[in-house]
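Listed below are the residues making up each chain.
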Amino acid sequence: MTAIAPAAPVRAKRVLPGFGLTMGVTLTYVGVIVLLPVIALVLKGAEIGPERFVQIITAPRTRAALQLTLVAATMATIFNALYGLLMAWVLVRYDFPGKRLLDALMDVPFALPTAVAGLALTALFAGNGWYGALLQPLGIEVVYTIWGVALAMSFTSIPFVVRSVQPVLEDLDPQYEEAAVTLGAHRWTIFYRVILPAILPAWLVGITLSFARSLGEFGAVVFIAGNLPMKTEIASLLAFIRLEEYDYNGAAAIALVLLFIALVLLVASNLLQARAMRYKGKGA
Amino acid sequence: MRPAAAPGALAPRPDQRVAKALIAAAVLLTIAVLVVPLAYIFHRAFAQGFQVFAANILEPNTLHAIALTALVALLTVPVNIAFGIAAAWAIARFRFRGRKALLTLIEIPFSISPIIAGICYLLLYGRQGLLGSWLLAHDIQILFALPGIVMVTMFVTSPFVLREVLPLMQAQGSEQEQAAVTLGASGWQVFRRVTLPNIRWALLYGAVLCTARAVGEFGGVSVVSGSIRGQTNTLPLQIELLFNDLNIAGAFAAASTLTVIALVVMVLKTAMEARR
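An unreviewed UniProt entry lists chain B under the name Sulfate ABC transporter permease subunit CysW, with Paracoccus siganidrum given as the organism. Under Subunit (unreviewed entry), UniProt gives the following word-for-word description of chain B: "The complex is composed of two ATP-binding proteins (CysA), two transmembrane proteins (CysT and CysW) and a solute-binding protein (CysP)." Database annotation for chain B, UniProt heading Function (unreviewed entry): "Part of the ABC transporter complex CysAWTP (TC 3.A.1.6.1) involved in sulfate/thiosulfate import. Probably responsible for the translocation of the substrate across the membrane."

Chain A has the name Sulfate transport system permease protein CysT in an unreviewed UniProt entry, where Paracoccus siganidrum is given as its organism. As stated in UniProt under Subunit (unreviewed entry), the record for chain A gives "The complex is composed of two ATP-binding proteins (CysA), two transmembrane proteins (CysT and CysW) and a solute-binding protein (CysP)."

Colleague: Lay out helix 5 (residues 114–125) of chain B with the relevant residues and their values.
Modeller: Compared with an ideal rise of 1.5 Å per residue, which puts twelve residues at 16 Å, helix 5 of chain B spans 16 Å between its outermost C-alpha atoms and is within 8% of the ideal. Most of helix 5 of chain B sits inside the fold, with twelve of its twelve residues counted as buried.

Colleague: Tell me about a nonpolar patch on the surface, and please be specific about residues and values.
Modeller: On the surface, A:Leu43, B:Leu130 and B:Leu131 cluster together to form a nonpolar patch covering roughly 240 Å² of accessible area. Residue position: A:Leu43 is located in helix 1 (residues 19–48).

Colleague: Describe the UniProt feature "domain: ABC transmembrane type-1" (unreviewed entry) in chain A, and please don't skip the residues or the numbers.
Modeller: UniProt marks residues 66–269 of chain A with the feature "domain: ABC transmembrane type-1" (unreviewed entry), using the numbering shown here. Structurally, residues 66–269 of chain A comprises 78% helix and 0% strand, and the distance from its first C-alpha atom to its last is 22 Å.

Colleague: Let's hear about the packing of aromatic side chains: which residues, and what values?
Modeller: For the structure on display, the rule yields 22 aromatic pairs over all chains. Centroid distance A:Phe223 to B:Phe243: 5.0 Å. Interplanar angle 55°. Geometry classified as tilted. Separated into two different chains, A:Phe223 in helix 12 (residues 219–225) and B:Phe243 in helix 12 (residues 235–244) make up a pair that spans both. When sorted by exposure, A:Phe223 lands in the same class as B:Phe243, which is buried. Relative to B:Phe160, the ring of B:Phe110 lies with its centre 5.2 Å away and its plane at 65°, an arrangement referred to as edge-to-face. One end of the pair, B:Phe110, is in helix 4 (residues 99–111); the other, B:Phe160, is in helix 8 (residues 159–172), with 50 residues separating them in the sequence. Under the relative-accessibility criterion, B:Phe160 is labelled buried at 9%. Ring-pair connections join several aromatic residues into one group, and the members of that group are A:Phe218, A:Phe223, A:Phe240, B:Phe218 and B:Phe243. Sitting over the ring of B:Phe160, B:Arg163 keeps its end group 5.8 Å from the ring centre.

Colleague: So, the UniProt feature "domain: ABC transmembrane type-1" (unreviewed entry) in chain B: which residues are in play, and what are the values?
Modeller: The positions UniProt marks with the feature "domain: ABC transmembrane type-1" (unreviewed entry) are residues 66–269 of chain B. The distance from the first to the last C-alpha atom of residues 66–269 of chain B is 24 Å, and the span holds 79% helix and 0% strand.

Colleague: Any chance you could break down the layout of surface pockets for me, citing the residues and the numbers?
Modeller: Counted as a void, the second largest pocket has a volume near 960 Å³. Counting only elements with at least two residues in the lining of the second largest pocket, the list comes to helix 12 and helix 13 (235–244) of chain A together with helix 5, helix 6 (132–137), helix 11 (219–225) and helix 12 of chain B. The element contributing the most residues to the lining of the second largest pocket is helix 12 of chain B, with five residues. When grouped by side-chain class, the residues that make up the lining of the second largest pocket number 26 nonpolar, eleven polar and four charged.

Colleague: Describe the packing of helix 10 (residues 174–182) of chain A against helix 11 (residues 187–216) of chain A, with residues and values.
Modeller: Residue and element names in this part refer to chain A. Two elements in contact, helix 10 and helix 11, have axes whose closest approach is 10 Å; the angle formed by their N-to-C orientations is 145°. Crossing of helix 10 over helix 11 shows right-handed handedness. Listed contacts from helix 11 to Tyr176, Glu177, Ala180 and Val181 of helix 10 are Ile190, Val194 and Ile195. Here the residues of the contact of helix 10 with helix 11 are counted per class, giving six nonpolar, no polar and one charged.

Colleague: So what about the interface of chain B and chain A? Which residues, and what values?
Modeller: Contacts between the two partners involve 95 residues from chain B and, on the opposite side, 94 residues from chain A. Approximately 8,400 Å² of surface area, both sides summed, lies buried where chain B meets chain A, with 79% of it carried by carbon and sulfur atoms. Together, B:Tyr40, B:Phe94 and B:Leu123 form the three largest contributors to the area buried by chain B at its contact with chain A, with a combined 8%. Taken together, the connections running from chain B to chain A amount to one salt bridge. With a shortest N-O distance of 3.1 Å, B:Lys269 and A:Asp107 are connected by a salt bridge. Looking at the side of chain B that touches chain A element by element, the count peaks at 20 residues for helix 1 (residues 16–45) of chain B.

What counts, and at which threshold
- Residues numbered from 1 in each chain as written.
- Chains lettered and ligands numbered in written order.
- Predicted model: local features only at pLDDT ≥ 70, side-chain atom pairs only at ≥ 80, totals over all residues.
- Heavy atoms only, no water.
- UniProt positions renumbered as here; feature names shortened; annotations may be inferred.
- Helix = DSSP H or I, 4+ residues; strand = E, 2+ residues; numbered from the N terminus.
- Expected span 1.5 Å × (residues − 1).
- Buried < 20%, exposed > 50% of the residue type's maximum accessible area, 1.4 Å probe, protein only.
- Patch = residues over 30% accessible without salt bridge, like charges linked within 9 Å, V, L, I, M, F, W, Y side chains within 5 Å.
- Areas by Shrake-Rupley, 256 points an atom, 1.4 Å probe, with all protein chains shown as cover.
- Salt bridge = Lys/Arg side-chain N within 4 Å of Asp/Glu carboxyl O.
- Phe/Tyr/Trp six-rings, centres within 6.5 Å; stacked < 30°, edge-to-face > 60°.
- Lys NZ or Arg CZ within 6 Å of the ring centre and 35° of its normal.
- 1 Å grid on protein atoms, 1.4 Å probe; cavity = no way out; pocket = protein on both sides within 12 Å on 5 of 7 lines; lining within 4 Å.
- Points joined across faces, edges and corners; volume = space filled by probe spheres on them.
- Nonpolar A, V, L, I, M, F, W, Y, C, P; charged D, E, K, R; others polar.
- Axes fitted to C-alpha atoms, helices over the stretch in contact; angles between N-to-C directions.
- Left-handed = near helix turned anticlockwise from the far one by under 90°.
- Contact = heavy atoms within 4.5 Å.
- Buried area = accessible area lost by both parts, 1.4 Å probe.

This is how it looks when you write it as structure tokens:
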């Protein structure tokens with residue numbers, strides 16, 4: 001896939017130089033680093049054949065892993081959708097001491113290596129950890145349960161919703177809210193009928209990205225999940241285990257399912273993004 | 001508590017009680033979810049004093065993992081900076097067919113699990129992979145060695161610089177650059193004198209994010225590295241090994257070094273936003 005700079009119809013009057021060079025570099029790099037390996041996976045998938053593919057995917061252990069991954073990612077995303085909306089609202093609408101620090105903290109989960117997050121959460125919620133010591137007497141077990149899986153997924157994808165909603169909320173023209181007040185709308189009605197529709201596409205973008213990230217999360221989850229087959233084994237870990245067993249077909253089939261879901265979510269978020277931009281343009 | 005974006009006089013004034021309750025909820029939740037885990041990392045790393053921490057860091061395998069991780073970042077980040085600039089120039093400054101498709105292709109590493117990236121690399125370069133027999137015949141070792149680790153890290157971090165630089169270049173437009181060309185500047189001069197000063201903060205931030213992601217990469221690297229102690233174990237893999245060995249203090253010592261990098265990212269981003 002080391003494509004040559006394409007003879008695509010570039011506009012006739014080009015003042016700036018460097019199209020051939022930069023395009024050549026871009027296509028070569030993306031081709032070698034991204035596209036070629038993905039093609040290797042797709043070819044492997046084609047080699048497996050539909051019958052064997054379905055067999056692998058519907059095997060009880062695979063089904064359990066996929067189900068756990070989807071359910072835990074949904075739990076994580078529900079928390080992040082609400083927490084992210086709260087954070088975006090508070091950071092945009094109110095002024096209070098420590099606001100900038102709070103804002104900066106929102107980026108931590110992206111900058112913190114997932115293995116570090118997994119280690120910290122596991123130790124925190126273990127019996128002798130700060131949180132575990134509080135929760136275990138109440139009979140709440142987090143480590144080695146689906147709650148732990150959801151927790152790790154949630155932590156690593158916190159910034160998506162906040163950072164998607166924040167700019168749209170900032171640009172929201174106050175005149176719509178003013179009009180609603182003049183017309184006698186109640187505070188809650190204004191949020192529900194005026195603000196929410198405007199931020200909904202951006203919120204959904206954040207939710208989609210958060211969900212996609214949770215489905216793919218590995219580093220943080222393997223620490224806290226305990227990785228018991230049929231119970232707390234996520235899909236990407238099962239693919240990894242299949243590799244270690246030299247079952248390349250098994251690994252490739254599971255990876256393809258995850259890749260397919262990821263691409264669907266990527267397309268969905270791009271479509272939503274286009275809608276969100278429409279609203280963003282409305283303000284100011 | 002005033003509304004931050006001072007709206008018109010008619011705009012609804014925030015209810016004091018609601019505002020206070022929401023702020024309190026936001027602050028308390030963030031402390032519980034983000035601040036406590038960060039504090040806990042340092043607490044555990046230094047729980048037995050600085051000397052134990054130092055001994056844990058200086059343990060040969062951990063030290064080797066730190067050196068390997070630094071090497072991987074040093075190889076990965078400059079390449080991704082060059083790629084980010086080249087791709088941003090091509091995409092922001094020219095219109096061509098397939099521009100959207102190219103952008104989607106570049107974004108793929110963002111949306112797929114690093115584990116899948118690792119599996120892709122294994123299926124390409126592994127012994128049974130597409131190029132496996134060719135590599136074996138030519139005695140080229142990519143997997144379970146430095147090249148594989150670096151390439152997977154490049155895969156995972158490839159969009160980071162571009163994502164910071166591209167929106168900025170698109171927003172700034174190309175008038176200044178066109179003027180420079182009209183005045184007789186060469187392409188390289190235009191880039192160095194006009195474009196680079198305009199995008200330097202975004203470039204720096206993208207590079208820092210890329211570095212943070214490169215040193216923290218876990219899933220993809222764990223597939224292709226083979227996790228050979230003292231050889232192909234990067235720092236995040238070393239943390240897992242120490243954790244599995246029940247050397248929790250050692251794991252936290254190693255983790256605290258990576259946490260410092262995450263905090264630097266946080267500070268730099270705040271500084272960069274203040275500059276805008």
